[in-house]
Amino acid sequence: MRRFTLIAVPYLWLLALFLVPFLIVLKISLSDYALSIPPYAPTLDFSAGWQGIKDLLSKLDFENYVFLTEDALYWKAYLSSLKIALISTVLTLLVGYPIAYGMARAAPEWRPTLLMLVILPFWTSFLIRVYAWMGILASEGVLYQFLSFLGIVDEPLKILSTNTAVYIGIVYTYLPFMILPIYAALEKMDDSLIEAAEDLGCSRMSAFWLITIPLSKSGIIAGCFLVFIPTIGEFVIPSLLGGSDTLMIGKVLWEEFFSNRDWPVASAVAIILLLILVIPIVLFQRNQQLQREAEG
C-alpha cells in the first residue's frame with residue numbers, strides 16, 4: 001500500500017495538471033469559432049450519452065489544424081521559435097560553461113558563495129528582471145549612457161525591439177539553468193585525471209578537450225535541454241524586448257487567445273507546440289535515464 005501511494009501521488013499530479021488540461025485544450029482545438037462566451041462551439045458533446053460517443057468520429061474535423069498549414073504565419077513562427085531557441089541555447093552554453101568551470105575550479109570555501117550568486121536572480125520577479133533590461137537596452141538607456149561616458153558611442157543605441165535584445169534577455173534569464181547542471185558535473189570530476197593526462201604529455205588545452213568536456217557531457221546535455229525547451233514557447237521576453245519583426249510562437253499564441261479571441265485556432269497552435277516539445281523532453285528523459293544507469 002505504501003508503494004502504491006508513492007507511485008500514485010506523481011501520477012495523480014500529472015493527471016490533474018497535465019493530462020486533464022491537455023484534453024480540454026484538445027477538445028477546444030477541435031471546436032468551431034463562435035461569437036459567444038466562451039468563444040467557441042464545442043464539437044464534442046458527451047451529454048447525449050452513448051449515442052453521442054458513437055457519433056464522435058463523424059463530428060470531428062481538423063479544419064483548425066489545416067488552417068495552420070495554409071497560413072504561413074504559423075509555420076514561420078514555429079521555425080523562427082526553433083531558430084531563436086537553438087541560437088539562444090548555443091549562446092547560453094558559450095557563456096555558461098566558462099562560469100561553471102570557474103566555479104568548479106574555485107576554492108571549496110568560495111563555491112557556496114558563487115553558487116548563491118548564480119541563484120540570486122531568482123529572488124527577484126522574472127517580469128521585473130525583463131523590465132530592467134528594457135531600461136538598460138533602451139536607445140538612451142543605462143548601456144548607452146555608460147558607453148557614451150567611455151566615449152565608445154556618440155548616438156543612441158538600436159538594440160531594444162530587435163532580435164538581439166531577445167537573445168540577450170533569453171541568455172540572461174536562462175543562464176542559471178545552464179550553469180547549475182554543468183557545475184554539478186564538473187564538481188564531481190576527479191582532478192587527478194587532468195594531472196595524469198598532463199604527465200603523459202597532454203597540454204592543458206588538450207586535456208580540457210579530451211577529458212573535461214567528455215566528463216561534463218551529461219551536464220551540457222541537461223543544461224541545453226533546460227534552456228531549449230522553455231525558450232521555444234517563450235512569450236514575455238519577445239513581447240517586451242522584441243519588436244514587430246520578432247516572430248515567436250508564444251507571442252502568436254497569446255495574440256490568438258487574447259487579441260483575436262480565436263480559441264480553437266489558439267488551442268491547435270498550443271497542441272502542435274506541445275507535440276514539438278515532446279521530442280526534446282523524451283530525449284532529455286532518455287539522457288537522464290542513461291546517466292542514472294551509468295552512475296549505478
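- Looking at an unreviewed UniProt entry, one finds the protein chain named Putrescine transport system permease protein and attributed to Thalassococcus halodurans.
- A UniProt comment under Sequence similarities (unreviewed entry) is attached to the protein chain, and it reads "Belongs to the binding-protein-dependent transport system permease family. CysTW subfamily."
- Within the UniProt record for the protein chain, the comment given under Subcellular location (unreviewed entry) is "Cell membrane".

**Re the side chain of Thr 246**
Consideration 1: Inspection of the secondary structure puts Thr 246 in the loop between helix H13 (236-241) and helix H14 (249-259).
Consideration 2: In this structure the side chain of Thr 246 is engaged in a polar contact, spanning 3.0 Å, whose partner is the side chain of Asn 163.

**Describing the environment of Phe 122**
Consideration 1: Mapped onto the elements, Phe 122 comes out in the loop between helix H6 (111-119) and helix H7 (126-137).
Consideration 2: Accessibility expressed as a relative area gives 36% for Phe 122, which makes it partly exposed.
Consideration 3: Sequence-distant contacts of Phe 122, that is, excluding residues within four places in its chain, are made with Arg 129, Pro 176 and Phe 177.

**Quick word on the packing of helix H5 (residues 72-105) against helix H12 (residues 217-232)**
Consideration 1: At a minimum axis separation of 9 Å, H5 and H12 run at an interaxial angle of 140°. H12 is crossed by H5, and the crossing has right-handed handedness. For the pair H5 and H12, the contacting residues are Ser 81, Leu 82, Ala 85, Leu 86, Ser 88, Thr 89, Thr 92, Leu 93 and Tyr 97 in the first and Ile 220, Cys 224, Val 227, Phe 228, Thr 231 and Ile 232 in the second.
Consideration 2: The residue inventory of the contact of H5 with H12, partitioned by class, reads 10 nonpolar, five polar and no charged.

**Observations regarding the pattern of salt bridges**
Consideration 1: Counted under the stated rule, the structure contains three salt bridges.
Consideration 2: Measuring nitrogen to oxygen at the nearest pair gives 3.7 Å for the salt bridge that ties Arg 105 to Asp 191. Within this pair, whereas Arg 105 is found in helix H5, its partner Asp 191 is found in helix H10 (residues 191-199), the two being separated by 86 residues in sequence.
Consideration 3: When its relative accessible area of 30% is taken as the criterion, Arg 105 is described as partly exposed.
Consideration 4: Between Glu 187 and Arg 111 there is a salt bridge whose closest N-O contact spans 3.9 Å. In this pair, Glu 187 is assigned in helix H9 (residues 163-187) and Arg 111 in helix H6, connecting sequence segments 76 residues apart.
Consideration 5: Relative accessible area serves as the criterion here: at 40%, Glu 187 is assigned to the partly exposed category.

**Quick word on the packing of aromatic side chains**
Consideration 1: Under the defined criterion, the tally for this structure stands at 14 aromatic pairs.
Consideration 2: Both rings, one in Tyr 174 and one in Phe 177, keep their centres 5.9 Å apart while their planes meet at 40°; by these two values the pair is tilted. One end of the pair, Tyr 174, and the other, Phe 177, are both in helix H9, three residues apart, so they sit about a helical turn from each other.
Consideration 3: Linked through ring pairs, Tyr 40, Phe 235, Trp 254, Phe 257, Phe 258 and Trp 263 together constitute an aromatic cluster.

**A look at the UniProt feature "domain: ABC transmembrane type-1" (unreviewed entry) in the protein chain**
Consideration 1: In this structure's numbering, the residues bearing the UniProt feature "domain: ABC transmembrane type-1" (unreviewed entry) are residues 78-284.
Consideration 2: Taken end to end, residues 78-284 has its terminal C-alpha atoms 21 Å apart, with 77% of it in helix and 0% in strand.

**So, unusual backbone geometry**
Consideration 1: At Ser 161, a position not held by glycine, the phi torsion is positive, near 70°.
Consideration 2: With respect to the helices and strands, the residue Ser 161 is situated in the loop between helix H8 (142-150) and H9.
Consideration 3: With relative accessibility at 44%, the residue Ser 161 sits in the partly exposed group.

**Brief notes about the environment of Ile 168**
Consideration 1: Residue position: Ile 168 is located in helix H9.
Consideration 2: Spatially, the C-alpha atoms of Ile 168 and Ile 237 are 9.5 Å apart, while their sequence positions differ by 69 residues.
Consideration 3: For Ile 168, the residues in contact, after removing those within four places along its chain, are Trp 133, Leu 137 and Ile 159.

**Quick notes on a nonpolar patch on the surface**
Consideration 1: On the surface, a nonpolar cluster with roughly 980 Å² of combined accessible area is contributed by Leu 12, Trp 13, Leu 14, Leu 15, Leu 17, Phe 18, Leu 19, Val 20, Leu 23 and Ile 24.
Consideration 2: Its location among the elements puts Trp 13 in helix H1 (residues 2-29).

**Description of the UniProt feature "transmembrane region" (unreviewed entry) in the protein chain**
Consideration 1: Taking the numbering used here, the UniProt-annotated feature "transmembrane region" (unreviewed entry) corresponds to residues 12-30, 84-102, 114-134, 165-186, 207-229 and 263-284.
Consideration 2: Strand forms 0% of residues 84-102 and helix 100%; the C-alpha atoms that close the span are 27 Å apart.

Criteria and thresholds
Residues numbered from 1 in each chain as written. Predicted model: local features only at pLDDT ≥ 70, side-chain atom pairs only at ≥ 80, totals over all residues. Heavy atoms only, no water. UniProt positions renumbered as here; feature names shortened; annotations may be inferred. Helix = DSSP H or I, 4+ residues; strand = E, 2+ residues; numbered from the N terminus. Polar contact = N/O pair within 3.5 Å; in protein donor to acceptor, adjacent residues only side chain to side chain. Buried < 20%, exposed > 50% of the residue type's maximum accessible area, 1.4 Å probe, protein only. Contact = heavy atoms within 4.5 Å. Axes fitted to C-alpha atoms, helices over the stretch in contact; angles between N-to-C directions. Left-handed = near helix turned anticlockwise from the far one by under 90°. Nonpolar A, V, L, I, M, F, W, Y, C, P; charged D, E, K, R; others polar. Salt bridge = Lys/Arg side-chain N within 4 Å of Asp/Glu carboxyl O. Phe/Tyr/Trp six-rings, centres within 6.5 Å; stacked < 30°, edge-to-face > 60°. Patch = residues over 30% accessible without salt bridge, like charges linked within 9 Å, V, L, I, M, F, W, Y side chains within 5 Å. Areas by Shrake-Rupley, 256 points an atom, 1.4 Å probe, with all protein chains shown as cover.

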